[in-house]
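Coordinates in review
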Amino acid sequence: MRRLTALDPASAPEKSRELLNDIVARRGSAGEMVSTMAHSPALLQGYLDFSRAMKRIKVPRALSEKISLAVQEWIGCAYCLDAHAEAGRAAGLSETDIALARQGTSTDTREAALIAVAVRVVAEPSSLTDEDLAELRAHGWSDRTIAEIVGLVTLNLLTGAFNLLAGLEPVERTA
């Protein structure tokens, strides 16, 4: 059930109006989540800035979507799961890849190690040890990638928690 309404630019606070108008001019629409975030200009600006920054990470897009699927499965945001499954398919993921990612793993052991740590970052960050990071490095992951996982998890936590609070749900698709 929808708890917060999406705002059109005309009804949004001034700063949010500017941001929404810019997005609509560039993309044609702002989307449900962004339009709903417009209630808070600070949240909307922070999300947009953080999201843009995270597009510059070195994690390949398909793997980024696997991580997002694993984190969103843990958070429980159906809206985000739907969006990341669609983005994953666009990035070349198979239905098996998507199903495994939602279980927090992958057929690729190197990727599985990174996905597992990402889930632990959201679920139990205090449990991470020097050995966990040594294992990631042994799989060939750089410290940059390891650090960027925290950003990717944080972005997913922001969107998933917001969408759950706002009551955003996936759109029913008809065949």
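Definitions and limits used
- Residues numbered from 1 in each chain as written.
- Predicted model: local features only at pLDDT ≥ 70, side-chain atom pairs only at ≥ 80, totals over all residues.
- Heavy atoms only, no water.
- 1 Å grid on protein atoms, 1.4 Å probe; cavity = no way out; pocket = protein on both sides within 12 Å on 5 of 7 lines; lining within 4 Å.
- Points joined across faces, edges and corners; volume = space filled by probe spheres on them.
- Helix = DSSP H or I, 4+ residues; strand = E, 2+ residues; numbered from the N terminus.
- Nonpolar A, V, L, I, M, F, W, Y, C, P; charged D, E, K, R; others polar.
- Axes fitted to C-alpha atoms, helices over the stretch in contact; angles between N-to-C directions.
- Parallel < 35°, antiparallel > 145°, perpendicular 65-115°, else oblique.
- Left-handed = near helix turned anticlockwise from the far one by under 90°.
- Contact = heavy atoms within 4.5 Å.
- Salt bridge = Lys/Arg side-chain N within 4 Å of Asp/Glu carboxyl O.
- Buried < 20%, exposed > 50% of the residue type's maximum accessible area, 1.4 Å probe, protein only.
- Expected span 1.5 Å × (residues − 1).

Glancing now at the layout of surface pockets. If you add up the space inside the largest pocket, you get close to 960 Å³. Along the wall of the largest pocket there are 34 residues; nearest its centre are Met-33, Tyr-47, Arg-61, Ala-83 and His-84. Sort the elements by how many residues they give to the lining of the largest pocket and helix α5 (residues 78-90) lands first, with seven residues. Each residue belonging to the lining of the largest pocket can be placed in one class, and the counts come to 17 nonpolar, eight polar and nine charged.

At a minimum axis distance of 9 Å, the contact between helix α4 (residues 61-75) and α5 shows a crossing angle of 160°. The angle between the axes of α4 and α5 places the two elements in the roughly antiparallel class. α5 is crossed by α4, and the crossing has left-handed handedness. Here Arg-61, Glu-65, Ser-68, Leu-69, Gln-72 and Glu-73 of α4 lie close against α5, whose contacting residues are Cys-80, Leu-81, His-84, Ala-85, Ala-87 and Gly-88. Its residues assigned to classes, the contact of α4 with α5 comprises five nonpolar, four polar and three charged.

Another point: the pattern of salt bridges. In the structure shown here, the tally under the stated rule is 12 salt bridges. Across the pair Arg-52 and Asp-49 runs a salt bridge whose closest N-O atoms are separated by 3.6 Å. Here Asp-49 and Arg-52 lie together in helix α3 (residues 41-54), a separation of three residues that amounts to about one turn. Here Arg-61 and Glu-65 are joined by a salt bridge, their closest N and O atoms 2.6 Å apart. Here Glu-65 and Arg-61 lie together in helix α4, a separation of four residues that amounts to about one turn. Judged by its relative accessible area of 53%, Arg-61 is exposed. Here the salt bridges share partners, and the residues they tie into one network are Arg-120, Glu-124 and Asp-132.

Now for α4. Across its 15 residues, α4 extends 21 Å between first and last C-alpha, which sits within 8% of the 21 Å expected from 1.5 Å per residue. With respect to burial, α4 is a largely interior element, 11 of its 15 residues being buried. Taken together, the buried positions of α4 are occupied by Leu-63, Ser-64, Glu-65, Lys-66, Ile-67, Ser-68, Leu-69, Ala-70, Val-71, Gln-72 and Ile-75. Here the buried face of α4 lies against α5, α6 (95-102), α7 (109-123) and α9 (143-166).

What follows is about the packing of α7 against helix α8 (residues 130-138). Between two packed helices, the angle of one axis relative to the other and the distance separating the axes together describe the packing. For the pair α7 and α8, the least separation of the axes is 10 Å and the interaxial angle reads 150°. In terms of their interaxial angle, α7 and α8 are classed as roughly antiparallel. In this structure, the crossing between α7 and α8 has a hand that is left-handed. Listed contacts from α8 to Ala-113, Leu-114, Val-117 and Arg-120 of α7 are Asp-132, Glu-135 and Leu-136. Residue composition of the contact of α7 with α8, grouped by class: four nonpolar, no polar and three charged.

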